[in-house]
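# Chains, contacts and geometry: an overview
Spelled out, the chains give:
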Amino acid sequence: QVQLVESGGGLVQPGGSLRLSCAVSGSVFRSNDMGWYRQTPGKERELVAAIISGSGVTRYKDSVNGRFAISRDNAKNTLYLQMTSLKPEDTAVYYCNVAGAIEDDYWGKGTLVTVSS
(Lines give C-alpha, C1' and ligand atoms only; values in the text may rest on other atoms or scores of the structure.)
Protein backbone atom coordinates (compact mmCIF):
# COMPACT_ATOMS: atom_id res chain seq x y z
CA GLN A 1 0.00 0.00 0.00
CA VAL A 2 1.32 3.41 -0.96
CA GLN A 3 2.18 5.71 1.92
CA LEU A 4 2.70 9.44 1.50
CA VAL A 5 2.55 11.36 4.78
CA GLU A 6 3.54 15.01 4.70
CA SER A 7 4.34 17.04 7.82
CA GLY A 8 6.07 20.21 8.98
CA GLY A 9 3.75 22.89 7.70
CA GLY A 10 2.54 25.82 9.76
CA LEU A 11 2.24 29.56 10.05
CA VAL A 12 5.41 31.55 9.40
CA GLN A 13 6.16 35.21 8.86
CA PRO A 14 7.47 36.48 5.53
CA GLY A 15 11.20 35.86 5.36
CA GLY A 16 10.95 32.87 7.67
CA SER A 17 11.83 29.22 7.13
CA LEU A 18 10.16 25.84 7.37
CA ARG A 19 11.27 22.28 6.77
CA LEU A 20 8.73 19.87 5.35
CA SER A 21 9.06 16.10 5.62
CA CYS A 22 7.35 13.28 3.78
CA ALA A 23 7.37 9.64 4.82
CA VAL A 24 7.13 7.47 1.71
CA SER A 25 6.58 3.76 1.13
CA GLY A 26 9.94 2.13 0.67
CA SER A 27 9.13 0.53 -2.65
CA VAL A 28 7.91 3.83 -4.08
CA PHE A 29 10.76 5.87 -2.68
CA ARG A 30 13.66 3.68 -3.76
CA SER A 31 12.71 3.35 -7.39
CA ASN A 32 11.36 6.76 -8.28
CA ASP A 33 12.36 10.32 -8.79
CA MET A 34 10.46 12.32 -6.18
CA GLY A 35 8.93 15.76 -6.05
CA TRP A 36 7.24 18.34 -3.89
CA TYR A 37 4.06 19.91 -5.21
CA ARG A 38 1.80 22.68 -3.95
CA GLN A 39 -1.76 23.76 -4.54
CA THR A 40 -3.80 26.84 -3.69
CA PRO A 41 -7.60 27.09 -3.92
CA GLY A 42 -8.82 27.36 -7.49
CA LYS A 43 -5.45 26.53 -9.00
CA GLU A 44 -3.90 23.38 -10.36
CA ARG A 45 -1.36 21.51 -8.32
CA GLU A 46 2.15 22.44 -9.45
CA LEU A 47 5.54 20.79 -9.11
CA VAL A 48 7.96 23.05 -7.25
CA ALA A 49 10.97 20.79 -6.73
CA ALA A 50 12.19 17.39 -7.89
CA ILE A 51 15.09 15.10 -7.06
CA ILE A 52 16.44 12.27 -9.19
CA SER A 53 16.59 8.93 -7.38
CA GLY A 54 20.04 7.86 -8.44
CA SER A 55 22.12 10.96 -9.02
CA GLY A 56 20.43 13.27 -6.50
CA VAL A 57 20.24 15.98 -9.15
CA THR A 58 17.60 18.55 -8.25
CA ARG A 59 15.32 20.81 -10.25
CA TYR A 60 13.21 23.75 -9.10
CA LYS A 61 10.39 25.94 -10.29
CA ASP A 62 11.84 29.34 -11.13
CA SER A 63 9.93 31.15 -8.40
CA VAL A 64 11.47 29.01 -5.62
CA ASN A 65 14.93 28.44 -7.07
CA GLY A 66 17.54 29.63 -4.59
CA ARG A 67 15.08 29.61 -1.69
CA PHE A 68 13.92 25.98 -1.51
CA ALA A 69 16.07 22.86 -1.26
CA ILE A 70 14.79 19.33 -1.81
CA SER A 71 16.64 16.36 -0.36
CA ARG A 72 16.06 12.70 0.37
CA ASP A 73 17.19 10.26 3.04
CA ASN A 74 17.15 6.85 1.39
CA ALA A 75 17.76 5.05 4.69
CA LYS A 76 14.65 6.61 6.21
CA ASN A 77 12.51 6.65 3.04
CA THR A 78 11.90 10.32 3.71
CA LEU A 79 11.76 13.32 1.42
CA TYR A 80 12.47 16.83 2.68
CA LEU A 81 11.86 20.37 1.51
CA GLN A 82 13.80 23.13 3.23
CA MET A 83 12.09 26.43 2.54
CA THR A 84 13.75 29.76 3.31
CA SER A 85 12.97 33.41 2.60
CA LEU A 86 9.31 32.48 2.46
CA LYS A 87 6.89 34.82 0.73
CA PRO A 88 3.10 35.18 1.06
CA GLU A 89 2.75 33.69 -2.43
CA ASP A 90 4.31 30.47 -1.11
CA THR A 91 1.15 29.91 0.93
CA ALA A 92 -0.33 26.59 -0.20
CA VAL A 93 -0.92 22.98 0.72
CA TYR A 94 2.28 21.09 -0.01
CA TYR A 95 2.32 17.47 -1.17
CA CYS A 96 5.01 14.97 -2.01
CA ASN A 97 4.76 12.32 -4.71
CA VAL A 98 6.74 10.75 -7.48
CA ALA A 99 7.95 13.25 -10.03
CA GLY A 100 5.45 13.34 -12.89
CA ALA A 101 2.48 12.30 -10.76
CA ILE A 102 -0.95 13.11 -12.16
CA GLU A 103 -4.18 14.00 -10.42
CA ASP A 104 -5.54 10.46 -10.75
CA ASP A 105 -2.59 9.06 -8.78
CA TYR A 106 -2.80 8.52 -5.03
CA TRP A 107 -2.04 11.66 -3.02
CA GLY A 108 -1.51 12.15 0.69
CA LYS A 109 -3.33 14.76 2.75
CA GLY A 110 -0.61 17.36 2.34
CA THR A 111 0.63 19.90 4.84
CA LEU A 112 -0.52 23.52 4.94
CA VAL A 113 2.05 26.29 4.79
CA THR A 114 0.79 29.79 5.56
CA VAL A 115 3.12 32.76 5.12
CA SER A 116 1.63 35.82 6.74
CA SER A 117 2.49 38.59 9.14
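Residues numbered from 1 in each chain as written. Predicted model: local features only at pLDDT ≥ 70, side-chain atom pairs only at ≥ 80, totals over all residues. Heavy atoms only, no water.

Attention now moves to unusual backbone geometry. The residue asparagine 77 is not glycine, and still its phi comes out positive at about 50°. Relative to the helices and strands, asparagine 77 is located in the loop between strand 7 (68-73) and strand 8 (78-83). Phi is positive for serine 85, close to 50°, though the residue is something other than glycine. The partly exposed category is assigned to serine 85, whose relative accessible area is 39%. (Helix = DSSP H or I, 4+ residues; strand = E, 2+ residues; numbered from the N terminus. Buried < 20%, exposed > 50% of the residue type's maximum accessible area, 1.4 Å probe, protein only.)

Counting residues in each nonpolar core, the largest one holds 30 residues, and the members touching the most others are Val24, Trp36, Leu79, Leu81, Met83 and Tyr94. Put simply, the parts of the chain that give this core at least two residues each are strand 3 (18-24), helix 1 (26-31), strand 4 (34-39), strand 5 (46-51), strand 7, strand 8, strand 9 (92-98) and strand 10 (111-115). By residue number, the principal contributor to this core is strand 9, which donates five residues. The residues touching valine 24, leaving out its near neighbours within four places in the chain, are Gln3, Leu4, Phe29, Met34, Asn77 and Cys96. (Core = buried A, V, L, I, M, F, W, Y, C linked by side-chain atoms within 4.5 Å. Contact = heavy atoms within 4.5 Å.)

This part is about the sheet that holds strand 1 (residues 4-7). If you trace the four strands from one edge of the open sheet to the other, you get 1-3-8-7, paired in antiparallel fashion. This sheet does not close on itself; its edge strands, each paired only once, are strand 1 and strand 7. For this sheet the average axis-to-axis angle between neighbouring strands, irrespective of direction, equals 15°. (Pairing = 2+ DSSP bridges. Axes fitted to C-alpha atoms, helices over the stretch in contact; angles between N-to-C directions.)

The next subject is the packing of aromatic side chains. Tallying each qualifying case throughout the model produces two aromatic pairs. Centroid distance tyrosine 37 to tryptophan 107: 5.0 Å. Interplanar angle 90°. Geometry classified as edge-to-face. Separated by 70 residues along the polypeptide, tyrosine 37 in strand 4 and tryptophan 107 in the loop between strand 9 and strand 10 bring together distant segments of the chain. We classify tryptophan 107 as buried; its relative accessible area is 12%. Each member of the aromatic cluster is reached from another via a ring pair, and the members are Tyr37, Tyr95 and Trp107. When the ring centre of tyrosine 80 is taken as reference, the NZ or CZ atom of arginine 19 above it lies at 4.0 Å. The ring of phenylalanine 29 has arginine 72 lying over it, and the distance from NZ or CZ to the ring centre is 4.3 Å. (Phe/Tyr/Trp six-rings, centres within 6.5 Å; stacked < 30°, edge-to-face > 60°. Lys NZ or Arg CZ within 6 Å of the ring centre and 35° of its normal.)

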